[in-house]
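# Secondary and tertiary structure notes
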Number of protein chains: 2
Amino acid sequence: MQIKVLGSAAGGGFPQWNCSCRNCTLVRKGIFPGKVRTQAQIAVSADNRSWFLLGACPDLRAQIEVSPELHPRDGLRQSPIAGVVLSSGDLDHVLGLLLLRELQPLRVYATPSIQRLLREDNSMFAMLNRVSAQALWTDIIPAETFALASSAGESCGLKCEPLPLSSRYPAYTRRHRAAEFAPCEALLGLIIEDKSGNRFAYMPAMSQVDDGLLQVLESTDLLFFDGTFWQDDELIKIQGSGQTAGEMGHIPVSSERGSLHRLATLRRPRKIFIHINNTNPMLDESSAEFSEIQKAGWELAEDGWNIQL
Amino acid sequence: MQIKVLGSAAGGGFPQWNCSCRNCTLVRKGIFPGKVRTQAQIAVSADNRSWFLLGACPDLRAQIEVSPELHPRDGLRQSPIAGVVLSSGDLDHVLGLLLLRELQPLRVYATPSIQRLLREDNSMFAMLNRVSAQALWTDIIPAETFALASSAGESCGLKCEPLPLSSRYPAYTRRHRAAEFAPCEALLGLIIEDKSGNRFAYMPAMSQVDDGLLQVLESTDLLFFDGTFWQDDELIKIQGSGQTAGEMGHIPVSSERGSLHRLATLRRPRKIFIHINNTNPMLDESSAEFSEIQKAGWELAEDGWNIQL
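Because the structure is a prediction, the values reported are computed rather than measured.

### Notes on the side chain of A:Glu185
Residues and elements named next belong to chain A. When you line up the elements, Glu-185 lands in the loop between strand E8 (155–166) and strand E9 (187–194). The charged side chain of Glu-185 is buried without a salt bridge, its nearest counter-charge being Arg-116 at 7.7 Å. Every residue in contact with Glu-185, bar those within four places of it in the chain, is listed here: Thr-111, Pro-112, Ser-113, Ile-114, Pro-142 and Tyr-169.

Printed below as a string of structure tokens:
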């Protein structure tokens, strides 16, 4: 299968509009030793004809335009984008759906609770269902593997295993919904597998790593993992207040309980950090932090990467 | 005052992700005789320190990054963007607000009905009010001129006259809301005036032009006007179905009832089409349509334009 990294930054992108941390400042001066990044977005295809998006980020319009694989091919209004798999309701993971509203057929996979969060609590999503041949919403049952198919029902040679990761719904979820939404439907890790058994995991928001998860990750060939923050108190240091990485649902890269340490035993998968926040020092390719992740066998996802599995 | 055109296309931008009309196809081949455009967005400042956005379009992140005036200047988290004036609830006019959610103080002007449409019917907008010093929502009363001010109350040397234009709410508005929302609060034209009396109008969505409006426009120095479609049935021809320009709330540029003809008598303002749809033949600068608007004294707004009034 073909995997395309359309974007690799956390919410807000890099640089971020209201940030003048060291990284953002050096980027704007044109002297940053590293790459700018749009918000995290993966596309995958088994046949290079039908593509599926993992999430739908707010930068999708620009990301599609720089990706010839995703341009229309037949007919005046058409797209090779057959569907979207949502793993959470986070804004940086779902807002792009509203950019795909031009009366285009599209399969959208999401858990029943995330569908209710989007469609019942946000009237804007009605724009995806103005005509009959538009968004076809399809349930994800946590832990039940499903075949990816277009809205016309064509199988595309890929299946998806949705791993329930956390009961944490987005901060915009209304309070009374906590009792109504299923805890196991809030946040998923996605494992995509093709017909030859090649597998990759997409996990841009991880609050912890247990032994069961380690075993699953060791069964994959490629891992895109949460690289949001280097340190637990990274945002507090920049903003002077706010939440720790842990409180925001992200395990930091560094420290004893961080991902570098927790995932050090993985042998099989190629390991790539994605969803990297603008404040993360490892974005600077001349930094000690960047050296450290490289020595540990990790890479930083870059916008535009094509990976063949 | 300083006016910056951050974007000039209609919803979907140019090219549009799922479109292979003649314009979009030639752009992707790199041989289009004209410019690509992000979605319509204006920023204005009287002092080149505090900026106000007219609407908040989905391309705002990229538009801010290419505009040094809008980069943070003081402090680790800061922005010269003091506020946003909303003239409708259209997705291509409001989604960008959700990109400005990073706990930043921001004044948002909107009619009470548009505020209810966004904040009561779309839980995502709660992300703009997670802490106290974040979005300060401020009522626009149709036809009542108000001074633009930051959320800290600093006046910025500009005032805004909001003209009620239509009772048409966005297509995603829930049916029962029709009776609850005030008809005059659905869609506004904005006239911005500085302390020297320089005035410009921003009217990207116009379904008709009456004599009263002509008189108002003749009082301005600069007019940004709805240039969405050349012909009334332009989208139907491309898609094979759908709505006319009129049914979508846009007066076409051409024909007896079109804007070129209806606004031909205007003498004072510089006249600029904005919110131009990807299908509009006047985007092609080698076309008869582009010649025709030029001969009639009109220009096409381009991304990145700076205008001093």
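Still to come is the rest of the account.
### Re the sheet that holds strand E5 (residues 106–110) of chain A
All names here are of chain A. Read across the sheet, 7 strands follow the order E6-E5-E4-E3-E2-E1-E14 without closing on themselves; strand pairing throughout is mixed. Every interior strand has two partners, whereas the edge strands, strand E6 (135–139) and strand E14 (306–308), have only one. When the angles between neighbouring strand axes are averaged without regard to direction, this sheet yields 20°. Examined bridge by bridge, strand E1 (residues 2–7) and strand E2 (residues 41–45) share 5 bridges and lie antiparallel to one another.

### With respect to the interface of chain B and chain A
With 60 residues of chain B at the interface, the matching set in chain A holds 60 residues. Counting the surface lost from both chain B and chain A, the interface buries some 5,000 Å², and carbon and sulfur atoms represent 56% of this. The largest per-residue losses of area from chain B upon contact with chain A belong to B:Trp17, B:Arg61 and B:Arg77, which jointly make up 19% of the total buried on that side. Counting across the interface, chain B meets chain A through 4 salt bridges.

### Some points on the relation of the copies chain B and chain A
One copy of the chain maps onto the second through a rotation around an axis plus a translation along that axis. The operation relating chain B to chain A is a screw motion whose rotation component is 180°, with 0.0 Å of axial translation and a residual RMSD of 0.0 Å. The relationship between the two copies is best expressed as a two-fold rotation axis. Taking C-alpha positions as the reference, the residue of chain B nearest the rotation axis is B:Asn122, at 1.9 Å. By residue overlap, the copies meet face to face through one surface: 100% of the interface positions of chain B are interface positions in chain A.

### Comments concerning empty space enclosed by the protein
A complete count under the given rule lists 4 cavities of 30 Å³ or more for this structure. Size it by volume and the largest cavity reaches roughly 120 Å³. Lining the largest cavity are 14 residues; nearest its centre among them are B:Asp90, B:Asp92, B:His93, B:Pro204 and B:His275. Classifying every residue of the lining of the largest cavity by side-chain character gives 6 nonpolar, 6 polar and 2 charged. If you add up the space inside the second largest cavity, you get close to 70 Å³. If you trace the second largest cavity, you find it lined by A:Gly12, A:Trp17, A:Gln39, B:Leu60, B:Arg61, B:Ile64, B:Leu99, B:Leu100 and B:Arg101. Its residues assigned to classes, the lining of the second largest cavity comprises 5 nonpolar, 2 polar and 2 charged.

### Topic: unusual backbone geometry
All names here are of chain A. For the bond from Phe-14 to Pro-15, the omega torsion is 0°, close enough to zero to count as cis. Within the secondary structure, Pro-15 is located in the loop between E1 and helix H1 (22–29). Unlike most non-glycine residues, Leu-103 shows phi in positive territory, near 55°. Position of Leu-103 among the secondary structure elements: in the loop between helix H3 (91–94) and E5. The phi dihedral of Ser-255 falls on the positive side, at around 85°, and the residue is not glycine.

### Some details on the sheet that holds strand E14 (residues 306–308) of chain B
Residues and elements named next belong to chain B. If you trace the 7 strands from one edge of the open sheet to the other, you get E6-E5-E4-E3-E2-E1-E14, paired in mixed fashion. The strands lining the two open edges of the sheet, one partner per strand, are strand E6 (135–139) and E14. Direction aside, neighbouring strands of the sheet carry axes that sit 20° apart on average. One ladder, built from 4 bridges, connects strand E3 (residues 51–54) with strand E4 (residues 81–85); its direction is parallel. Looking at E4, one finds that Phe-52 is bridged to Gly-83. Seen against the sheet, helix H4 (residues 112–119) touches strand E5 (106–110) and E6 and runs at an angle of roughly 145° to E6.

### Let's talk about the pattern of salt bridges
This structure, assessed with the given rule, holds 32 salt bridges over all chains. A salt bridge links B:Glu302 to B:Lys35; its shortest N-O distance comes to 3.5 Å. Taken together, the positions of B:Glu302 in the loop between strand E13 (298–300) and E14 and B:Lys35 in the loop between helix H1 (22–29) and strand E2 (41–45) put the pair 267 residues apart, joining distant regions of the chain. Residue B:Glu120 pairs with B:Arg116 through a salt bridge whose shortest N-O separation is 3.2 Å. B:Arg116 sits in the partly exposed class, given a relative accessible area of 30%. Here the residues in one salt-bridge network are A:Arg116, A:Glu120, A:Asp121, A:Arg177 and A:Glu180, joined through shared partners.

### Side note on the environment of A:Leu283
Residue and element names in this part refer to chain A. Looking at the secondary structure, you find Leu-283 in the loop between strand E12 (270–274) and helix H8 (288–295). Sequence separation between Leu-283 and Asn-23 is 260 residues; the distance between their C-alpha atoms is 7.7 Å. When residues no more than four places from it in sequence are discounted, the contact partners of Leu-283 are Phe-14, Asn-23, Phe-32, Pro-33, Gly-34, Arg-37, Ile-276, Asn-277, Asn-278 and Leu-300.

### Overview of the environment of A:Asp303
Residues and elements named next belong to chain A. Its place among the elements puts Asp-303 in the loop between strand E13 (298–300) and E14. Counting along the chain gives 297 residues from Asp-303 to Leu-6, while the straight-line C-alpha distance between them is 5.2 Å. The residues contacting Asp-303, other than those within four sequence positions of it, are Val-5, Leu-6, Gly-7, Ser-8, Arg-37 and Thr-38. In this structure the side chain of Asp-303 is engaged in a polar contact, spanning 2.7 Å, whose partner is the side chain of Ser-8. There is a polar contact of 2.7 Å between the side chain of Asp-303 and the backbone nitrogen of Thr-38.

### Re H1(B)
All names here are of chain B. Three or more residues of H1 are buried, namely Asn-23, Cys-24, Leu-26 and Val-27. Angularly, the buried residues of H1 cover 165° about the axis, an arc narrow enough to put them on a single face. Turned more than 90 degrees away from the buried face of H1 sit Arg-22 and Lys-29, all of them exposed. With its phi angle positive at about 80°, Gly-30 sits one or two positions after the end of H1.

### Quick notes on the pairing of strand E7 (residues 146–149) of chain A
The sheet contact formed by E7(A) and E8(A) spans 3 bridges and is antiparallel. The residue bridging A:Ala147 from the neighbouring strand is A:Lys159, located in E8(A).

Conventions used here
Here, residues in each chain are numbered from 1, in the same order as that chain's written sequence. For naming, the first written chain is A and the first written ligand is 1, with later ones following in the order written. Note on the predicted model: pLDDT of at least 70 is required for a residue's local features to be given, and 80 or more for side-chain atom pairs to be given and counted; whole-chain, interface and lining totals, by contrast, use all residues. Hydrogens and waters are ignored; side-chain quantities use all the structure's heavy atoms. Only DSSP runs of H or I with at least four residues qualify as helices, and only runs of E with at least two residues qualify as strands; both kinds are numbered from the N terminus onward. The classification of residues rests on relative accessible area computed with a 1.4 Å probe and restricted to protein chains. Under 20% of the type maximum is buried, over 50% is exposed, and intermediate values are partly exposed. Here Asp and Glu are counted as negative and Lys and Arg as positive; His is not counted, and neither are the chain ends. Salt bridges are counted wherever a side-chain nitrogen of Lys or Arg sits within 4 Å of a carboxyl oxygen of Asp or Glu. Residues are treated as being in contact if the distance between any of their heavy atoms lies within 4.5 Å. For two strands to be treated as a pair, DSSP must find at least two bridges joining them. For helices, the axis comes from a line fit to the C-alpha atoms of the stretch in contact; other axes are also lines fit to C-alpha atoms, and the angle between any two N-to-C directions lies between 0 and 180 degrees. Accessible area, probed at 1.4 Å, shrinks when two parts are joined; the buried area is that loss added up over both. When the copies are overlaid, the least-squares fit takes in C-alpha atoms only where the residue has pLDDT of at least 70 in both copies. The way it works is a 1 Å grid over only the protein atoms, where trapped points that fit a 1.4 Å probe form a cavity and open points with protein on both sides within 12 Å along at least five of seven lines form a pocket, and then any residue with an atom within 4 Å of a point lines it. Grid points are joined across faces, edges and corners, and a volume is the space filled by probe spheres set on the points. Three residue categories are used. Nonpolar comprises Ala, Val, Leu, Ile, Met, Phe, Trp, Tyr, Cys and Pro, charged comprises Asp, Glu, Lys and Arg, and polar comprises the others, including Gly. Two N or O atoms form a polar contact when they lie within 3.5 Å of each other; inside protein one atom must be a possible hydrogen donor and the other a possible acceptor, and for residues adjacent in sequence the pair counts only when both atoms belong to side chains. Arc, as used here, means the arc of the directions from the helix axis to the C-beta atoms.

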